[in-house]
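The lines below spell out each chain.
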Protein chains: 2
Amino acid sequence: MPAPPPPDDDARRHPRSRSRARTGAGGDRSGRSTAGRGPEPPRHEAIAAALRRAITEGRYPVGATLPSEAELAAAHGASRGTVRQAVAALLAEGLVGSRQGARRVVLSTTPSQSFTELRSFAQWARAGGRTAGGLVLSSSRGTARAEEAGLLQVPPGAPVLHVLRLRTLDGDPVLLERTVYAEWIAPAVEALPDDCESVTERLRRDEGLVFAHGEHHIDAVAAGTADADHLRVRRGSPLLRVRRTTTTAEGRPVETSDDRYRPGSVVFTVRNSTQTNPLTRTHA
Amino acid sequence: MPAPPPPDDDARRHPRSRSRARTGAGGDRSGRSTAGRGPEPPRHEAIAAALRRAITEGRYPVGATLPSEAELAAAHGASRGTVRQAVAALLAEGLVGSRQGARRVVLSTTPSQSFTELRSFAQWARAGGRTAGGLVLSSSRGTARAEEAGLLQVPPGAPVLHVLRLRTLDGDPVLLERTVYAEWIAPAVEALPDDCESVTERLRRDEGLVFAHGEHHIDAVAAGTADADHLRVRRGSPLLRVRRTTTTAEGRPVETSDDRYRPGSVVFTVRNSTQTNPLTRTHA
DNA sequence: TGAAGGAGCTTGTCCATACAGGTGACCGCA
DNA sequence: TGCGGTCACCTGTATGGACAAGCTCCTTCA
């Protein structure tokens, strides 16, 4: 849409520099804190963010078609490859659908507040406009049982840290976490305050530890005595159980946890697609 | 925009044809049933499949590093971009992790038998080496309630088809489906046999209808009288509920369903990553 | 012996180009 | 009027080149 600046031939060979210059010069982005805050995100991510915003704000309602790759490329002063990279993100989130030959279609306008991103409880709560709370009920050193050891990739009987934590949403108890931390991270966890709102964020800030990967197993169980007590439900009432194991970017397991959600307050959402995959997967 | 086909005699300008010719010459793929069985998968998919197989077969155990992109490219006679497209698929499946500067690491060797792919119950069962069964308990025309209408994107009161279906795994009842089909697909569904093993596959074969997208809401509920009866559990025992809506590739809703799973027999698995996204998402 | 530095490899980002294959709308003919 | 074919448009696939950023390991110096 915004006609690119007059054809400057020598600059055409440095599109990256050109557009960078543009954001600084023509676009009064300089007024924004782009330079001061962080190293400036990659182009494809910026484009994806712009599209995502346009969709969630209703500029493209459900069923509408997105501009073609060529148009988007021109509008953002990027190449088609970069635009494809951007829309691939929306594809993976299930916001848009794509078929060869046809324009892309908007499937949903609600941002994926779900598993697509690996979200901590606090982050997830904030995204929904709610306030999360936390309270450590007990914390004790112990040894890993066989199952836990397997998940944490340590020998059975290895020292670990067991933590029982109650999570609240707007003051209501909704989640009981039974977490087992690997020993190498235990001191950092013990140093946290009992009512720490977001363990994930604290560990990232204090230890530089990022939870990069996670595996979640979901099923339903009946509330036990302890569950019922803390979550304020009757014993035997249904709970949503999520057993998860989290690892660092290098694949080193950090924690494994048995999380039990009180139904009604929390619903998990997964969006799905035959084309979920980055750049295709349609075959067979 | 598309430059009219100029008279090009230079064979170097047709890398696709070149490599095809290579596979044809060196590997006499023509001798294989490639021509008879489907149109030959894209290169990047073939490479992804090879890597996936190597991982699940244990050639790369958990924690091992994958060959570099350059090595893979050379090994498969493809360009780096194509290899990147292939590994992006594994990234999205959570099989491998990736960090800039470091070799890719294997995170898991179990194929994602889960939500990453949109699988029908029968397909999913087969993948696990089990046999799926189905039985229609009731099927009746009716009108859409407000909630159903919203999910199917039809006006409230529009004609729909309600189907109650019991699914079995190796003969045991594990899933009770309450499905609402949009009217335009209702005749095809009614034409199906009552004990149809896979509705998804039949509809694809007979109608050319593909279930391309899905949205799933997961929570836990107590078994009602009917649930308890059909699933052979006590009333009030916990069930895993998945409310899902499925649409075609164009985004047209096909069905919406309330599925209740008997716990113990089925566990949902979701694998997760900060880098789940196609080609990045690490920022912020 | 231990720590700082650098070289080389590897992944991330981006561009330009070309062709294949599917979609959908327009147009002409019966 | 209705049907079928043509064609512009759009996405999928693939290559190749260039540079940036980050990780590892090895060397070198104190």
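Rules of the game
- Residues numbered from 1 in each chain as written.
- Chains lettered and ligands numbered in written order.
- Predicted model: local features only at pLDDT ≥ 70, side-chain atom pairs only at ≥ 80, totals over all residues.
- Heavy atoms only, no water.
- Helix = DSSP H or I, 4+ residues; strand = E, 2+ residues; numbered from the N terminus.
- Contact = heavy atoms within 4.5 Å.
- Pairing = 2+ DSSP bridges.
- Axes fitted to C-alpha atoms, helices over the stretch in contact; angles between N-to-C directions.
- Parallel < 35°, antiparallel > 145°, perpendicular 65-115°, else oblique.
- Nonpolar A, V, L, I, M, F, W, Y, C, P; charged D, E, K, R; others polar.
- Polar contact = N/O pair within 3.5 Å; in protein donor to acceptor, adjacent residues only side chain to side chain.
- Expected span 1.5 Å × (residues − 1).
- Buried < 20%, exposed > 50% of the residue type's maximum accessible area, 1.4 Å probe, protein only.
- Phe/Tyr/Trp six-rings, centres within 6.5 Å; stacked < 30°, edge-to-face > 60°.
- Lys NZ or Arg CZ within 6 Å of the ring centre and 35° of its normal.
- Salt bridge = Lys/Arg side-chain N within 4 Å of Asp/Glu carboxyl O.

A. A look at the environment of Asp-170 of chain A. Residues and elements named next belong to chain A. Structurally, Asp-170 is set in the loop between strand E4 (159–169) and strand E5 (172–182). The spatial distance from the C-alpha of Asp-170 to the C-alpha of Arg-130 is 6.2 Å, given a sequence separation of 40 residues. In this view, Asp-170 contacts Arg-130 and Thr-131; residues no more than four positions away in its chain are not counted.

B. Examining the sheet that holds strand E5 (residues 172–182) of chain B more closely. Taken in spatial order, the seven strands of this open sheet run E9(A)-E6(B)-E7(B)-E8(B)-E5(B)-E4(B)-E3(B), and their pairing is antiparallel. In this open sheet, the two edge strands, each paired with only one partner strand, are strand E9 (268–273) of chain A together with strand E3 (132–143) of chain B. With direction set aside, neighbouring strand axes in the sheet form an average angle of 20°.

C. Examining the packing of helix H3 (residues 69–76) of chain B against helix H4 (residues 80–93) of chain B more closely. Residue and element names in this part refer to chain B. For the pair H3 and H4, the least separation of the axes is 9 Å and the interaxial angle reads 105°. Regarding the angle of H3 to H4, the classification is roughly perpendicular. Of the residues in H4, those touching H3 at Glu-69, Leu-72 and Ala-73 are Arg-80, Val-83, Arg-84 and Val-87. A per-class count over the contact of H3 with H4 returns four nonpolar, no polar and three charged.

D. The arrangement of the side chain of Glu-69 of chain B in detail. All names here are of chain B. Here Glu-69 lies in helix H3. Separated by 2.9 Å, the side chains of Glu-69 and Arg-104 make a polar contact. The contact partners of Glu-69, leaving out residues within four places of it in the chain, are Arg-80, Val-83, Arg-84 and Arg-104.

E. Spatial organisation of the environment of Ala-78 of chain A. By the element assignment, Ala-78 of chain A lies in the loop between helix H3 (69–76) and helix H4 (80–93). For the pair formed by Ala-78 of chain A and Arg-43 of chain A, sequence separation is 35 residues and the distance between their alpha carbons is 7.9 Å.

F. Local environment of helix H2 (residues 43–56) of chain B. All names here are of chain B. Taking 1.5 Å per residue, 14 residues should reach 20 Å; H2 reaches 20 Å between its end C-alpha atoms and fits that length. Among all positions in H2, only His-44, Glu-45, Ile-47, Ala-48, Leu-51, Ala-54 and Ile-55 are buried. Contacts from the buried residues of H2 go to H3, H4, strand E1 (96–97) and strand E2 (105–106). Of the residues trailing H2, Gly-58 is marked for its positive phi of about 95°.

G. Main features of the packing of aromatic side chains. By the definition in use, this model includes zero aromatic pairs over all chains. Over the ring of Trp-184 of chain A we find Arg-252 of chain A; its NZ or CZ atom is 4.0 Å from the centre of that ring.

H. Inspection of the sheet that holds strand E9 (residues 268–273) of chain B at higher detail. Judged by pairing direction, the sheet is antiparallel, and its seven strands sit side by side in the order E3(A)-E4(A)-E5(A)-E8(A)-E7(A)-E6(A)-E9(B) without closing on themselves. The sheet terminates laterally at strand E3 (132–143) of chain A together with E9 of chain B, the two strands that pair on one side only. When the angles between neighbouring strand axes are averaged without regard to direction, this sheet yields 20°. Alignment of E5 of chain A against strand E8 (residues 253–261) of chain A, held across seven bridges, turns out to be antiparallel.

I. Spotlight on the side chain of Arg-241 of chain B. By the element assignment, Arg-241 of chain B lies in strand E7 (residues 238–247). Those residues in contact with Arg-241 of chain B that sit more than four places away from it in its chain are His-217, Ile-218, Asp-219, Ala-220, Val-221, Asp-258, Asp-259 and Arg-260 of chain B.

J. Representation of the pattern of salt bridges in the model. In the structure shown here, the tally under the stated rule is 42 salt bridges over all chains. For the salt bridge of Arg-103 of chain A with Glu-71 of chain A, the shortest nitrogen-to-oxygen distance reads 3.5 Å. In this pair, Arg-103 of chain A sits in the loop between strand E1 (96–97) and strand E2 (105–106) while Glu-71 of chain A sits in helix H3, placing the two residues 32 residues apart along the sequence. With a shortest N-O distance of 3.0 Å, Arg-52 of chain B and Glu-93 of chain B are connected by a salt bridge. Of this pair, Arg-52 of chain B sits in helix H2 while Glu-93 of chain B sits in helix H4, placing them 41 residues apart in sequence.

K. Molecular detail of the pairing of strand E6 (residues 213–222) of chain A. Most of E6 of chain A sits out of view: seven of its ten residues are buried. With ten bridges joining them, E6 of chain A and strand E7 (residues 238–247) of chain A adopt antiparallel strand pairing. Looking at the pairing, His-216 of chain A lines up with Arg-244 of chain A of E7 of chain A. Pairing of E6 of chain A with E9 of chain B involves six bridges; the strand directions are antiparallel. The partner of Glu-215 of chain A across the bridge, within E9 of chain B, is Arg-271 of chain B.

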